[in-house]
Amino acid sequence: MKKANEPAGIWRSADRFDGETLPTITAIMRTRGCRWNSCRMCGYFEEHVESTEEDLLKQFKVIERNFPKEEFALKIFTSGSFFDPREIPENVRREILRICSSYKNLRRLIVESRPEFVKEEILEEALSLIPSLEVAIGLETSDDFIRNFCINKGFSFDDFLEASKIIKNSGAYLRVYLLLKPPFLSENTAIKDVLRSIKAISWASTISINPVSVHRGTEVEKLFRRREYRPPWLWSVVEVLRRCEKKANIISDPTGGGTKRGAHNCGKCDNDILREIRKFSLTQDESVFQKECECKEKWKEVLELEDLTFGTPLLF
Amino acid sequence: MNFQIKRIDASARIGKLGNLETPAVLHHKKIKKFLEDHGIEIPEIMTPFSVAPFEIQNETSLVHPKKIEKRETELLILCSSSYMSGKGRELFETMEKLKKTLKPNTAIYLPALATPENIALLIFLGADVFDDLKCLSSAMKGEYLTRDGTLSVSNLERFPCSCPICSSYTTEELESNWRLIYSHNFNALLNELENVKIFIRKGMLREYVSKQCRTSPWLTVALRLYDGSEYYFKRVPIRRTSQFYANSSEEIQRAEIRRFASRVLERYYPKSKILLLLPCSAVKPYSLSPSHRRIIKSLGKLRRGVDELIITSPLGIVPRFLETVYPAMHYDIPVTGRWDEEEKKWASSLLREFVERNQYERIFAYVEGDYREVCTLSEIEIEFFNTLEELRKELESEIEDVPTQKSYMRAQISSIADYQFGKGTGEKLVKDAEIRGRYPKLDVMVDGKKLASLQGDGMLSLSVLGGERLKGLKDYTVIIDDFIPSGSILSPGVLEAGKEILSGDEVLFENSRVFGVGRAVMCSEDMLKASYGVAINVREKVVKE
């Protein structure tokens with residue numbers, strides 16, 4: 001049973017900010033859900049509840065109890081937009097930011113939002129309380145066709161650029177999420193798409209590469225069940241991390257990595273590769289990628305040949 | 001670059017696409033070059049089989065299964081076709097729709113689908129270009145492909161194959177090296193491709209596919225649906241020289257069987273008031289078999305005074321006069337001496353309908369066993385005879401005048417002409433004619449000139465003189481553009497085509513300058529739709545003054 005007064009999840013990990021590693025608390029708040037709720041791969045709406053202002057504040061209380069003594073970073077995710085007043089009413093947002101500002105050991109606060117909710121006045125207000133605010137936007141790709149047709153994201157690259165300008169001018173940090181292998185792209189095109197996207201992003205503090213994982217109840221899941229979609233190989237994640245322009249902090253934390261529904265390889269090498277990916281995300285050191293596996297040859301063939309099926313995974 | 005069709009066997013074809021002889025299997029290292037040569041760009045966004053394409057997926061040489069539409073290209077790629085593997089209905093319905101929509105002279109490429117097991121069926125349904133991608137992806141999964149299906153290489157103790165790979169490596173070596181498995185898979189696919197080509201050249205791919213589809217239910221599904229398809233029905237030729245095998249009871253659904261039955265009912269009419277039912281024989285035509293020779297000898301010239309009808313499976317009933325017509329002279333079935341219920345029902349219902357349509361005064365039968373049961377099941381009034389002697393006596397008292405041998409022969413030719421061109425055409429063709437030759441190779445002559453001849457395949461071919469006798473036969477006449485054809489008439493030269501014309505049919509062709517006869521290579525629909533390819537092989541023509 002989903003409780004409206006408890007967050008969907010809280011966990012601790014580590015992240016890299018401006019060259020140093022900090023412990024991070026990630027908290028997923030249950031809101032009324034993303035207002036757009038139309039992306040082909042997203043199943044987060046399943047988590048939504050009709051939470052009242054009171055519920056939301058209670059959720060945050062639970063989160064607050066998890067704050068560590070030492071310096072830390074906090075990610076508050078709603079699986080939607082933190083700045084959408086329908087998800088997080090203004091009062092609640094202010095209260096959360098106020099409480100956060102009282103923690104001197106909070107070095108960074110990261111929230112997510114669609115570009116249409118990124119407004120100068122909101123940012124100004126938020127930054128006055130939390131100067132180290134970082135806003136994350138799921139751009140997914142710089143290619144409008146792919147974002148429109150394959151993801152159905154509902155905003156354009158220009159919309160993103162506008163929001164990112166507002167963020168830059170306000171003095172906040174910008175985190176950009178890129179989606180690796182949205183449906184209807186071959187493995188090779190998916191890699192190209194992310195590399196192109198990184199090139200196209202002119203300013204960001206962190207770029208996070210998110211390989212698609214198959215969420216329940218989504219269009220992508222239907223494709224997956226019919227064997228018409230295979231999540232990306234972990235080799236592809238590695239490929240992107242190695243080959244991309246290092247214009248920002250480049251990170252990846254593959255959701256469901258190593259499982260059939262997440263980015264995966266043959267099953268034998270997955271854990272080692274995931275470890276290397278995490279290590280790279282913290283160190284930005286390409287030399288961490290050492291692991292070899294016989295499945296790499298297959299992945300190379302997939303890269304070379306998957307386009308030639310004209311729409312179906314070559315290897316499921 | 002044109003796609004030239006060199007040989008057709010129902011919907012399968014051997015052709016040439018540029019330098020590529022089809023049906024062809026492309027090696028994965030050569031696909032990109034092949035696409036380039038055809039000016040095909042690979043789009044970045046491609047939806048899978050079950051998702052309709054976006055408007056941006058508009059490369060003219062690609063068609064998506066969810067949006068099949070007319071295209072003016074010599075080569076067409078069916079996107080996401082690999083999804084159809086294992087799905088007989090999807091495969092059949094997609095292929096049928098594709099074939100209906102495209103011009104006949106469009107080469108169809110099904111990417112990442114072909115295996116040694118399914119390629120015969122894919123070619124049979126009218127696809128032309130394939131690749132080895134499925135051989136490769138299967139190999140990566142440890143799947144060892146054979147004509148009889150997929151084996152897991154890890155379960156193999158020995159190889160059921162003696163290709164260069166299988167004869168020089170051990171199963172362990174293959175298990176640890178998928179590239180070796182791939183090489184075997186590719187060899188097996190190429191082998192099967194050659195096999196299929198042999199059967200196309202023989203005109204017997206159907207027989208091969210009837211056998212080959214038994215490896216998996218999904219392949220059989222596609223074949224069964226094929227047998228119920230009007231589109232494919234029209235592409236099955238009206239005549240062929242090769243044998244017709246019906247090795248399973250399912251073959252009763254074949255176009256040839258259904259077509260023969262409906263033509264016997266609709267295009268044949270009685271030549272006597274007495275019907276005589278006889279059993280079939282293994283040797284064809286029946287009248288040359290020992291068992292029929294005995295009957296013929298015993299009845300002597302009385303035989304010319306009755307309509308003989310042979311009861312058989314799977315054709316059901318065959319009038320004596322049509323015993324040479326395809327597939328009556330060509331079929332062979334496993335004879336166990338026992339008919340199954342389906343066969344009996346089919347034959348008896350046809351017999352009943354035949355008798356209902358044709359007014360016979362008396363019906364005699366010299367049959368026993370299951371043949372007799374078929375007669376009984378038909379619930380018509382039949383007088384059975386146990387000996388030829390009794391039958392002969394009865395006929396002697398019943399038949400007043402026996403037609404001459406000459407008119408009897410004319411009646412046979414006339415019946416065959418009716419079968420080929422429609423009821424009533426036979427009389428026009430054989431009027432005052434003389435039949436010469438040694439059965440079943442006969443010439444239809446008048447004043448020393450040939451009107452037609454009964455060919456080795458048991459059906460008629462016309463001379464221009466014979467054709468002139470059939471002038472006005474709209475259903476089998478092709479109006480061609482204003483030119484005088486030489487060896488063959490290409491499809492763009494066809495203006496109108498009689499609606500009954502099937503591949504193998506004798507046709508009349510005409511325009512203001514020329515009249516002639518020839519053999520149709522495609523059905524009328526295809527003659528009109530194809531932008532390239534031979535429509536008619538010209539036999540003879542006269543230039544009008």
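All values reported here derive from a predicted model rather than from experimental measurement.

Residues and elements named next belong to chain B. Spatially, 3 strands are ordered E1-E2-E3 in an open sheet, and the strand pairing comes out antiparallel. The open sheet has two free edges, formed respectively by strand E1 (3–9) and strand E3 (20–22), since each of these has just one partner strand. Strand-to-strand twist of the sheet, defined as the mean angle between neighbouring strand axes without regard to direction, takes the value 15°. Packing against the sheet, helix H7 (residues 178–202) makes contact with E1, strand E2 (12–17) and E3, and its axis sits at approximately 110° to E2.

Turning to the pattern of salt bridges, a few remarks are in order. All names here are of chain B. On inspection of all chains with the given rule, the structure shows 85 salt bridges over all chains. Across the salt bridge formed by Lys-100 and Glu-96, the nearest N and O atoms sit 4.0 Å from each other. A residue pair is termed a helical-turn pair when its members lie 3 or 4 positions apart in one helix, as Lys-100 and Glu-96 do in helix H2 (residues 88–101) at 4 residues. If you follow the salt bridges from partner to partner, you end up with Arg-206, Glu-207, Asp-227, Arg-240, Glu-251, Arg-254 and Glu-256 in one network.

Another point: the environment of Val220(A). Residue and element names in this part refer to chain A. Examined against the element boundaries, Val-220 turns out to sit in helix H7 (residues 219–225). In this structure the C-alpha to C-alpha distance between Val-220 and Arg-32, which are 188 residues apart in sequence, comes to 22 Å. With residues near it in sequence (within four places) discarded, Val-220 still touches Arg-40, Met-41, Pro-183, Val-212, Val-214 and Tyr-229.

Turning to the interface of chain B and chain A, a few remarks are in order. Between chain B and chain A, the contact holds 32 residues from the first and 27 residues from the second. Surface buried jointly by chain B and chain A totals about 2800 Å² across both partners, of which 66% is contributed by carbon and sulfur atoms. When the buried area of chain B at its contact with chain A is split by residue, Glu44(B), Met46(B) and Met140(B) rank highest and sum to 23% of it. Between Glu297(A) and Arg179(B) there is a salt bridge; the shortest N-O distance is 3.0 Å. Along the contact surface separating chain B from chain A lie 12 residue pairs in polar contact (both at pLDDT 80 or more). Every element with two or more residues in the side of chain B that touches chain A is listed here: helix H1 (31–37), helix H4 (133–140) and H7 of chain B. Considering every element that reaches the side of chain B that touches chain A, the biggest residue donor is H4(B), with 4 residues. Partitioned by chemical class, the residues of the side of chain B that touches chain A number 21 nonpolar, 6 polar and 5 charged.

Rules and cut-offs
Residues numbered from 1 in each chain as written. Chains lettered and ligands numbered in written order. Predicted model: local features only at pLDDT ≥ 70, side-chain atom pairs only at ≥ 80, totals over all residues. Heavy atoms only, no water. Pairing = 2+ DSSP bridges. Helix = DSSP H or I, 4+ residues; strand = E, 2+ residues; numbered from the N terminus. Axes fitted to C-alpha atoms, helices over the stretch in contact; angles between N-to-C directions. Contact = heavy atoms within 4.5 Å. Salt bridge = Lys/Arg side-chain N within 4 Å of Asp/Glu carboxyl O. Buried area = accessible area lost by both parts, 1.4 Å probe. Polar contact = N/O pair within 3.5 Å; in protein donor to acceptor, adjacent residues only side chain to side chain. Nonpolar A, V, L, I, M, F, W, Y, C, P; charged D, E, K, R; others polar.

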